[in-house]
Structure formats: C-alpha cells, structure tokens
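Structure assessment
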Amino acid sequence: MWREVAYGEPLPGYAAPTGEARLRTAVASYLGRSRRVWCGADDLVITTGAARALDLLVQALLIPGDAAAIEEPGHPTARRILQLRGARLVPVPIDEDGFRVECLPVGGGAPPLVYGTPSHQYPIGVRLSIGRRLALLEWAAANDALVVDDDYDGEFRFGAPPLPALAGLDRAGRVAYVGTFPKVLVPGLRAGYLLAPEPLRERVLGIKRLTDHHTPWAEQQALAGFCERGDLERHIRRARRYYASNRAMPAVTLVDCFGGTPARRGLLLGYGGLGAQDVRNGAGVVAEVVREETSAFVGATVSPG
C-alpha cells in the first residue's frame, strides 16, 4: 500500500480536517461489521491517534476546573491529558464488572466528561458488564454528560464473546468513540479516528483546523487501501491468534512450575511488544523468582525461633 501511494500524485494543497473521505468510509464500514457501531463517513474525524482524539474532546468540552471522571486505576496518558487541560479528576474504582457507575456523582456535582476503557479496562483487563454499560448511558443522559469510550484494543479479546460497544448502545448522543490504528498495526503509524455527536464534532473540527489541520495524507491513503481490500481484518485475525498463544504461555509456565493456578491474581505482565521466545524466557524468570521467594518465605516461617 505504501508503494501504491508513493507512485501517485501528492496532495496539491491542505486536506480536510475531517480526514480523507475514502478512509472515513472504510472505517465506518469496519466499525459496523466488527463493533456494531453504525455510523457514516461524515460522523467520523481522522486524528493522529487516540491521545489526540481525547485531547480534542477535552478542549472542546471542558474549561479548566471542570470535573472529569476517570477509572482508578486507569490509563496514565489519559490522566495526564486531562490534567494538562486543567480538569479536576474524579477517580472511580474498578471491580470485576468494570467501572463502578454507582460511584459517579449526580446532579450539580456530576462531571461533564467520563473517560473509560470498557472493552478492555486499562490496566486491569476486565470488561464493563452489559448492565453497567446501560447504567452508564442512563447516568450520562440524566446528568448531561459525555462518555468517552476509548476502544484502544477492543479487537484483541480472548475467552469471551464481544459485548456491544457503548457507542452502539447509545441512542441519546452521549458517547464519543475513540479508535486507533497503531495498537493493531505499528506504533509509528500515527492515525486514529473519533466518532463524536453533533454539535461537539463541529467544535472538535474547529480546534483541529487551527492546530494540526489534517492527519498526514499519505498515511490516510495507505490505510484506506489496506482497509478496503480486507487486509486489516485478515491482519487482526492473525494477530489475535499470535497474541492468544503468547498470552497463554506465562500461565502454562507457572502451572508447570507450581502444579496449579494461583488462588488470586497479583501480577500484571505486558506481552504485546514481545516475541514468543521473549515471553517464554520472561515467564521462566518470573517463575524462578517466585519459586525462590516462596521457598525463602516458607523456610523463614517454619524455622525455629
């Protein structure tokens, strides 16, 4: 796709701040098939990634001192963006069903923006249950708030069927949906997309027009072709199998070493940027350290005195 773009004529002027219509059309079609988020090309804005999309939303919606709810623990980049723009953070705890909606303030104290990662909570990994999703949408409608659904890696799910995206359930225009290509392709590819309700989208475009105007044209063209030919979905299927294998490897290593699964989870290991051999080696190191520490602890507790 890069080669095809390189052989074409470069863009003679500035592109539209919304992004290339060809790419927006391809993304809208993909979201409908993969995430049951039904939208048109005109509903989308192409950005340089998820962080940029969130920054545009915050600038368009909040003024310094406004409250913004965020998961606790939550995504550090999102936290820093909100703080940079002067937002007053309202931490909301996470449990096995995800974001605890009942902890959100209501009425005059309700934050106008809620940021979350419902498809795969960062960093815990749980999913927001369907009941909580509906409750969050009801809360947003009752309190005139916007929910930012950061679907940063919703394509990579293991052991459970997908749940409807918040944007797909939204009927009141209370959700802004953020997606990104670097997480599924390569980090150096700076392109993402934002689905935002009117008139918020117009305010976002006004800010984008003044700051970065448009996402790099060549990357948009290459991505459009990649999506149109079905290569994106084929790549995601292959990557899902690859990551599922790497994900299972540490668990298998620990079970082989200790003869059973742990009674509770206590350690989060990132493996997305590692090859299979690196994952295997790392799991072995962790197992050896745990074995040594466990032996030392048992020896200390049973020794005389």
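Here's a quick rundown of the structure. For clarity, every value in this text was computed on a predicted model and none was experimentally measured.

Section: the sheet that holds strand β7 (residues 175–180)
Ordered in space as β1-β8-β7-β6-β5-β2-β3-β4, the eight strands form an open sheet in which the pairing is mixed. Every other strand in the sheet has two partners, leaving β1 (44–47) and β4 (98–99) as the edge strands with one partner each. As defined by bridge partners, β7 adjoins strand β8 (residues 192–195) across four bridges and the pair is classed as antiparallel. The residue bridging Tyr 177 from the neighbouring strand is Leu 195, located in β8. Across the sheet, helix α2 (residues 21–35) touches β1, β7 and β8, and the angle it forms with β1 is around 110°. Strands β1, β6 (146–150) and β8 of the sheet are contacted by helix α7 (residues 200–211), whose axis makes an angle of about 30° with β1.

Observations concerning the pattern of salt bridges
On inspection of all chains with the given rule, the structure shows 18 salt bridges. Residue Arg 33 is joined to Glu 233 by a salt bridge in which the shortest nitrogen-to-oxygen separation is 2.8 Å. Taken together, the residues span a long stretch of sequence, with Arg 33 in helix α2 and Glu 233 in helix α9 (residues 231–258) at a distance of 200 residues. Residue classification places Arg 33 among the partly exposed residues on the basis of a relative accessible area of 42%. Here Glu 233 falls in the partly exposed class, since its relative accessible area comes to 22%.

Comments concerning the pairing of β8
Burial of β8 is two-sided: the residues Gly 192 and Leu 194 facing one way and the residues Tyr 193 and Leu 195 facing the other way are all buried. Bridge analysis of β1 against β8 gives four bridges, and the strand direction is antiparallel. Paired with Val 45 across the two strands is Leu 194, which belongs to β8.

Some words on the side chain of Glu 155
Relative to the assigned elements, Glu 155 resides in the loop between β6 and α6 (166–169). Look at Glu 155: it is buried, it has no salt bridge, and the nearest opposite charge is Arg 35 at 5.8 Å. If we ignore the near neighbours within four places in the chain, the residues touching Glu 155 are Tyr 30, Val 184, Tyr 193, Ile 236 and Arg 240.

Overview of empty space enclosed by the protein
In the structure shown here, the tally under the stated rule is two cavities of 30 Å³ or more. As a volume, the largest cavity reaches approximately 60 Å³. Lining the largest cavity are Val 27, Tyr 30, Glu 155, Thr 180, Phe 181, Val 184, Tyr 193, Cys 227 and Leu 232. Its residues assigned to classes, the lining of the largest cavity shows seven nonpolar, one polar and one charged. Estimated volume of the second largest cavity: approximately 50 Å³. Taken together, Glu 71, Phe 99, Val 114, Tyr 115, Gly 116, Thr 117, Pro 118, Leu 128, Leu 136, Val 147 and Leu 166 form the lining of the second largest cavity. No other element matches the three residues that strand β5 (residues 113–116) contributes to the lining of the second largest cavity. A class-by-class count of the residues in the lining of the second largest cavity yields eight nonpolar, two polar and one charged.

Focus on the layout of surface pockets
Quantified by volume, the second largest pocket comes out at close to 270 Å³. In this structure, the second largest pocket is lined by 16 residues; those nearest its centre are Ala 50, Ala 51, His 75, Thr 180 and Lys 183. Secondary structure elements with two or more residues in the lining of the second largest pocket: α3 (50–61) and α4 (76–84). When grouped by side-chain class, the residues that make up the lining of the second largest pocket number nine nonpolar, four polar and three charged.

Concerning the pairing of strand β2 (residues 67–72)
Side-chain direction in a regular strand flips from residue to residue, so the side chains alternate between the two faces of the sheet. The element β2 is largely enclosed, with a buried count of five among its six residues. In this sheet, strand β3 (residues 88–95) lies alongside β2 in parallel orientation, the contact comprising six bridges. Paired with Ala 69 across the strands is Val 90, a residue of β3.

Considerations on unusual backbone geometry
Residue Pro 73 is bonded to the preceding Glu 72 through a cis peptide linkage, with omega at 0°. Residue position: Pro 73 is located in the loop between β2 and α4. Each neighbour pair has its own omega, and for Tyr 122 with Pro 123 the value is 10°, a cis peptide bond. Look at Asp 144: it is not a glycine, yet its phi comes out positive at around 55°. Mapped onto the secondary structure, Asp 144 falls in the loop between α5 (130–142) and β6. A relative accessible area of 56% means that Asp 144 is categorised as exposed. With phi around 55°, His 213 is a residue other than glycine that occupies positive phi space. Mapped onto the elements, His 213 comes out in the loop between α7 and α8 (217–228). Under the relative-accessibility criterion, His 213 is labelled partly exposed at 24%.

Basis of the calculations
Residues numbered from 1 in each chain as written. Predicted model: local features only at pLDDT ≥ 70, side-chain atom pairs only at ≥ 80, totals over all residues. Heavy atoms only, no water. Pairing = 2+ DSSP bridges. Helix = DSSP H or I, 4+ residues; strand = E, 2+ residues; numbered from the N terminus. Contact = heavy atoms within 4.5 Å. Axes fitted to C-alpha atoms, helices over the stretch in contact; angles between N-to-C directions. Salt bridge = Lys/Arg side-chain N within 4 Å of Asp/Glu carboxyl O. Buried < 20%, exposed > 50% of the residue type's maximum accessible area, 1.4 Å probe, protein only. Lys, Arg positive; Asp, Glu negative; His and termini not counted. 1 Å grid on protein atoms, 1.4 Å probe; cavity = no way out; pocket = protein on both sides within 12 Å on 5 of 7 lines; lining within 4 Å. Points joined across faces, edges and corners; volume = space filled by probe spheres on them. Nonpolar A, V, L, I, M, F, W, Y, C, P; charged D, E, K, R; others polar.

By themselves these figures say nothing about function.
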